[in-house]
Each structure stands twice: as structure tokens, then as C-alpha cells.
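# A closer look at the structure
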Amino acid sequence: MSRITDLQKNLFGGTTSNARQFGMISTLVAIVLLFQIWTGGLTLTSGNLIAVVSQYSYILILAIGMLMVIVAGHIDLSVGSVAAFTGIVVAKAMQEYDLPWPVGILLGLLVGVAIGAWQGFWVAYIGVPAFIVTLAGMLLFRGGNQYIGNADTVPVPEGFREIGAGFLPEVGPETGYNNLTLLLGLLACAGAVWREWKARQTRREMNAELAPVWITGVRLAVMIGVIVFATLRFAGGRVGTSLPISGIILIVLVLLYSHYTRNTVGGRHIYAVGGNARAAELSGVKLKRVNFLVMMNMSVLAALAGMIFVARSAASGPQDGLSWELDAIAAVFIGGAAVSGGLGTVSGSIVGGLVMALLNNGLQLEGVGSDMVQIIKGLVLLLAVAFDVYNKSQGRFSIIGTLTKPFRREEAVAPAGAPGAPVGGATLVKDGDAAPVKDAATGSDTAESTDKDTGTDSGTGKTKVAG
């Protein structure tokens, strides 16, 4: 195998999860560079990057929760209204009852739990479709925001504003950079090295194929280069600014939810439900519980996003949260989630959210009007998904297919002469089907679409061996 083939296989959508993660980062870097050229070098300035994280962190937080909702086969249209309602409740409570801001944050999270339990109950235990429940919630909590706030803005105290407008403090010796941000960057580099080493050790123990060492070195060098570059940019902002506190919250959530969705039984159950709810239930998955927790989790994250936005704005108002659900949904689909559920990753949704954020930011830097920004965002979303679906149907390289590879298996599953026959308790995809079918117990794919005559995978172009 040539080095070019090795590079394509292991660096861009290879068989290891690390390679796929690197592919996502590479895609994001390419988008950043595109806007860097278009805006004449403004995109990658320290001030602009800090502003992007500060302004759009709440959308990225929503995208994490929306991913789990969509993977489970639902949709949530109420997140913007839930965020606005939580914001006004917390702001009013701190203003009228002199609640300390930490208690205000706890109150906001409890409001999110209560709303999530309310909506989850209707979806999971009554059986009302999530689209209808959250559409009702969108109207209910938007009206609640205006009723409680009397359609006025309500300011929040200084301490509360830190979660949305604060930055890592300046500590230690004078280095010309924010030392805490530098420390986080160093830890991120160490984490990247450890993760790569751990992944190779795991694959070696499983006697799985290992990527060539030089590929691992290239991948690590690029990843560390991106981390170092971002660290220096965020640490080198004007005095008093650095990595926003909201960015720290986002990073923690990404790490926690990535681990939960990929490495826990509960996370795999969400994918199993989204892939085939009936099969998942027959396999012992508690369907009602999964749906209830998914909806509750979304409302809690919406409440957190609403508080971060209010903190950054220094006040809660009647226009908070408008169209947030659309941005969150767009981020998830651009990041690789399947419309029918069962597929998607947290990291992919973050990439999709950053694409939307950088699109907004770049167009604003170019002075494009808000009307044209909305038109362009809609076209980009439609064309990105349509282009990817077309390429997948033609057996060509698929961006979304690459992002969702962690949830597909390469091995054949149908015995010769029995296309579509059940194997190992899973239902196989019939000839011509484009989407993989999930194993109910693990959430992993058990089959991919194949060409009827040749057995060629229509998503990857690889030849399957029957039996």
C-alpha cells in the first residue's frame, strides 16, 4: 500500500475513531482558512476568535442537547423559548428576592429540569409526538417569558454576568499571555498525545490493524499545531480578555457528553432507540425512560444556554431565544446527524455549530445585511446536506458519511444467497437502502447498503464479501 493510500485511509476517514476526529478538525480548519482569506485576515485575530466563542457558545451548548434528541428520533422546537423563560425567571428572582447569583444559577437549572420533566412526560408516557409537545412548549414558554417580564428587560447582577461575559483571570508572572489559557492549551496537547497512545494500545490488544507510525505522527503534529495556534490566539487577546468562561463550560460539556454517548450503556441506548425503537424495546432497552431523559436533558441545556446569554447581555428581555432552535437543529444536521435518527456525534455537532457561527461572523465582518445572512445560511444548509446525500448515493466521498463512520461496521453480515436475512438478532438493510440499520442492543450498524449484483457498498465504494 502506497503512502498516499495510507494517508487517505488513516488520515481522512480511516478505520480509527481518532482519524475521524482529525478529519473533523481538518474540515473546520479549512473553513476557517476560507473565511480568513475572504475577510482579509480578520477571522483569525485574537479579538474575533474570542468574540466568536463568547457570542455563539450558547448555540453550541444547545447543539449538544439537540443531537441527543435527534439521534433518538425526535425534534425539539421549544429550546429558544425555554431559554428565554429560564432567563427571565432567574433575572426576576435575583432582582426581586435578592437571591445570590450562585443560587440563581441553581434555580435556573431546576427550572430546566421541571420543564424537561413536563415535556418528557407527554412524549414518553402519553405518546404525544415530540414535534407537537415542543411546538406547544415554544408557545407556552414564550408567552410565559413575556408575562413574567411584562415584556420588559430585567438586569442581572455583576457576579452572574461572569458566566456569559467573564474570562479566565490573569495569574502568575507577566508573560504577555493569559497564563491560565496557556496551561489549558498545554493540558489539551498532553491529552491529545495520551488519547492517541491509548487508542493504539487498545487496538494492539484487540489485534486490530494499526495505522502506520508516521501517520500517527502527522496526525498528532497537526492536532497539536491547531491546539497551540488556538491557545496563543485566545491567550494573546487584549489585557483583561482570554478564553471566555462560557467557552470553558462548553469544553467541559463536550468532554462529558462525548464520553457519555460513546462509552456508556445509556448513551448507546439512545442510538439504539433512534435506529429502531421497536427492536430496542424488545432487546430490553427502557424506551420510555430513554425518551424522557433525552427531553429533560435538552431542557436543562436550554436553561443553561439561556442563562449564559442573559449573563452576556447583562439583562433578560422578551426577544431572547428567538430562532435558537433553528440554529441548533442546523448545526446538528450539518454535523452529520441523520434525519431519521440513530446517527450523529457530539463532535460533529460542534463542528456544524462552528460552521454556522463562522458563517455568521464572516458575513458580518464583510458587512452583509441580516436579510442576506439568513438567505445564505439557508442555502448553505440545504446545499451542504443535498451535496453530501448525492455523493453518498453515487458511491463517492461523503462528508456526513465520514463523520458518522464511528457508528458503522465494515464487515459483511448477510450470508450468500440470503440478502436481507436477520443475523445475530439484527435486521439487515435490503438492496438499495441508503441508511444503515442499528443493532438494538448496542446501537451499532449491522449492515450497509449494497449493490444488488456486485456487493459494492454504496456509501463507501468498498466491496463486501458475502458470508
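### Section: the overall build of the protein
For the protein, the count of helices and strands is 17 helices and four strands. Across the 467 residues that make up the protein, the buried fraction comes to 48%. In the protein, once contacts between residues fewer than 6 apart in sequence are set aside, the share between residues at least 24 apart is 73%. Taken as a whole, the protein presents about 21,500 Å² of accessible surface, with 66% of it coming from carbon and sulfur.

### Section: helix α5 (residues 101-126)
Because each turn of an α-helix spans 3.6 residues, side chains separated by three or four positions in sequence point in the same direction. A rise of 1.5 Å per residue sets the reference length of α5, with its 26 residues, at 38 Å; its end C-alpha atoms lie 37 Å apart and thus fit the reference within 8%. Residue Gly120 marks the point of greatest curvature in α5, where the axis turns by about 30°. Tucked into the core, α5 has its buried residues touching α4 (79-97), α6 (130-149), α7 (158-165) and α13 (287-313). Gly127, located one to two residues past α5, shows a positive phi value of around 90°.

### Here's the deal with the packing of helix α10 (residues 245-263) against helix α11 (residues 265-275)
Between α10 and α11, the least distance of the axes is 5 Å, while the angle of their chain directions is 70°. Comparing their axes, α11 and α10 come out roughly perpendicular. In this structure, α10 uses Tyr260, Thr261, Arg262 and Asn263 to contact α11, whose residues at the interface are Val265, Gly266, Gly267, Arg268, Ile270 and Tyr271. Of the residues in the contact of α10 with α11, the class split is four nonpolar, four polar and two charged.

### Describing the environment of Asn179
For Asn179, the position within the fold is in helix α8 (residues 179-205). Overall, the relative accessible area of 16% leaves Asn179 in the buried class. Along the chain, Asn179 and Pro169 lie 10 residues apart, while their C-alpha atoms are 8.7 Å from each other. Setting aside residues up to four positions removed in sequence, Asn179 forms contacts with Val171, Gly172 and Pro173.

### Some words on the environment of Val273
When you line up the elements, Val273 lands in helix α11. Note on Val273: relative accessible area 5%, which makes it buried. Sequence separation between Val273 and Val290 is 17 residues; the distance between their C-alpha atoms is 7.9 Å. The contact partners of Val273, leaving out residues within four places of it in the chain, are Ala72, Ala280, Val285, Leu287, Val290 and Asn291.

### A closer look at the packing of aromatic side chains
In this structure the tally under the stated criterion is eight aromatic pairs. Between Tyr58 and Phe309, the aromatic rings sit 5.2 Å apart at their centres with planes inclined by 70°, giving edge-to-face as the arrangement. Within this pair, whereas Tyr58 is found in helix α3 (residues 46-71), its partner Phe309 is found in helix α13, the two being separated by 251 residues in sequence. Phe309 carries the same exposure label as Tyr58, and that label is buried. Through successive ring pairs, a cluster of aromatic residues spans Trp118, Phe121, Trp122, Tyr125 and Phe292. In this structure, Arg268 packs its charged tip against the face of Tyr271, placed 5.0 Å from the ring centre.

The rules behind these values
- Residues numbered from 1 in each chain as written.
- Predicted model: local features only at pLDDT ≥ 70, side-chain atom pairs only at ≥ 80, totals over all residues.
- Heavy atoms only, no water.
- Helix = DSSP H or I, 4+ residues; strand = E, 2+ residues; numbered from the N terminus.
- Buried < 20%, exposed > 50% of the residue type's maximum accessible area, 1.4 Å probe, protein only.
- Contact = heavy atoms within 4.5 Å.
- Areas by Shrake-Rupley, 256 points an atom, 1.4 Å probe, with all protein chains shown as cover.
- Expected span 1.5 Å × (residues − 1).
- Bend = angle between axes of the 7 residues up to and from the residue.
- Axes fitted to C-alpha atoms, helices over the stretch in contact; angles between N-to-C directions.
- Parallel < 35°, antiparallel > 145°, perpendicular 65-115°, else oblique.
- Nonpolar A, V, L, I, M, F, W, Y, C, P; charged D, E, K, R; others polar.
- Phe/Tyr/Trp six-rings, centres within 6.5 Å; stacked < 30°, edge-to-face > 60°.
- Lys NZ or Arg CZ within 6 Å of the ring centre and 35° of its normal.

Purely geometric numbers; function is a separate question.
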